[in-house]
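Survey of secondary and tertiary structure
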Amino acid sequence: MGRGVRDLVRAMIELREYQQKLIDDIAGASASGHRRILAALPTGAGKTIAFSRIIKHSFENKKNILVLVHRRELLFQTQDKLEKYGVPHTSMLRGELYDQSHSVVVASIQTMHSWVVRRKKESIPPADLVIVDECAHLQSSKTWQDLVALYPQAIIVGFTATPISKSGKGLGGYFD
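Here we summarise the structure given alongside this text. A quick note: this is a predicted structure, and the numbers were derived from the prediction, not measured.

Procedures and definitions
- Residues numbered from 1 in each chain as written.
- Predicted model: local features only at pLDDT ≥ 70, side-chain atom pairs only at ≥ 80, totals over all residues.
- Heavy atoms only, no water.
- Helix = DSSP H or I, 4+ residues; strand = E, 2+ residues; numbered from the N terminus.
- Rg over C-alpha atoms; globule rule 2.2 N^0.38 Å.
- Buried < 20%, exposed > 50% of the residue type's maximum accessible area, 1.4 Å probe, protein only.
- Contact = heavy atoms within 4.5 Å.
- Areas by Shrake-Rupley, 256 points an atom, 1.4 Å probe, with all protein chains shown as cover.
- Lys, Arg positive; Asp, Glu negative; His and termini not counted.
- Charge placed at Lys NZ, Arg CZ, Asp CG, Glu CD.
- Core = buried A, V, L, I, M, F, W, Y, C linked by side-chain atoms within 4.5 Å.
- Pairing = 2+ DSSP bridges.
- Axes fitted to C-alpha atoms, helices over the stretch in contact; angles between N-to-C directions.

**Quick notes on the overall build of the protein chain**
Looking only at helices and strands, the protein chain has 6 helices and 6 strands in total. Going residue by residue from the N terminus, the α and β elements of the protein chain occur as α-α-β-α-β-α-β-β-α-β-α-β. The C-alpha radius of gyration of the protein chain comes to 16 Å, within 12% of the 16 Å expected for a compact globule of 176 residues. Seen through its principal axes, the protein chain has C-alpha atoms that stretch 45 × 40 × 30 Å. Taken across its 176 residues, the protein chain has 47% of its residues classed as buried. Looking at the protein chain alone, contacts between residues at least 24 apart form 67% of all its contacts between residues at least 6 apart. On the protein chain, roughly 9300 Å² of surface is accessible, and the fraction owed to carbon and sulfur atoms is 52%. If you average the places of the 24 positive and of the 17 negative side-chain charges in the protein chain, the two averages end up 4 Å apart.

**What about the nonpolar core?**
One finds Ile26, Ile55, Val67, Ile131, Val157 and Phe159 to be the most contacted residues of the largest nonpolar core, which totals 30 residues. Every element with two or more residues in this core is listed here: helix H2 (17-31), strand S1 (36-40), helix H3 (47-60), strand S2 (65-69), helix H4 (72-84), strand S4 (104-108), strand S5 (129-133) and strand S6 (155-160). Once residues within four sequence positions are removed from consideration, Ile26 is found in contact with Ile37, Ala39, Ile54, Val157 and Phe159. If you look at the next biggest cluster of nonpolar residues, it comprises 23 residues, including Leu66, Met92, Val105 and Ala154.

**Points about the sheet that holds S4**
Spatial strand order, S1-S6-S5-S2-S4-S3: 6 strands in an open sheet with parallel pairing. Both outer strands of the open sheet, S1 and strand S3 (90-92), are each paired with one neighbouring strand and no more. Between one strand and the next, the sheet's axes are offset by a mean angle of 20°, whatever the strand orientation. Pairing geometry for S2 and S5, over 4 bridges, is parallel.

**Looking at the environment of Ile124**
By the secondary structure assignment, Ile124 is in the loop between helix H5 (109-118) and S5. Linking Ile124 and His113, residues 11 residues apart in sequence, is a C-alpha distance of 9.8 Å. Leaving out residues up to four positions away in the same chain, Ile124 has contacts with Val116, Leu150 and Tyr151.

Any functional reading would require information that these geometric values do not contain.
Written out as structure tokens, the structure is:
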């Protein structure tokens, strides 16, 4: 894709007003000292677009970013949005080439846990910002909890459509 076409594609990703408000609220919470931030938008409201914009901004400010996802489809969806924003990245996914030199890593929860925690095949990717997609899984998964615990100094932003489970349990134990 030529440079002019890439610029046109990037320009076409316009944020909706509520997506921009969510990003502004996350930035405000971070500026106020919160390090564990929960972001909730309904299914189909563009969580991936919103967090990809945050990643673009963080990348431009020379930050290391990790995105944790639990399904291949979500990993590929995230990669697609990052490509449209012109953000170079690598993926940590079985069968894919992982390049440690990138400052943006999109990781499958299962692959990262296997490679970093269990087998110690890879080192922990550095991250100033960790985006946790579908973060409601933190409530019930030790694997997710183990990975988030690797980043005590990072800002963690969890994205979900369901901040409260059917049993009424919320995510307050994981987010400010």
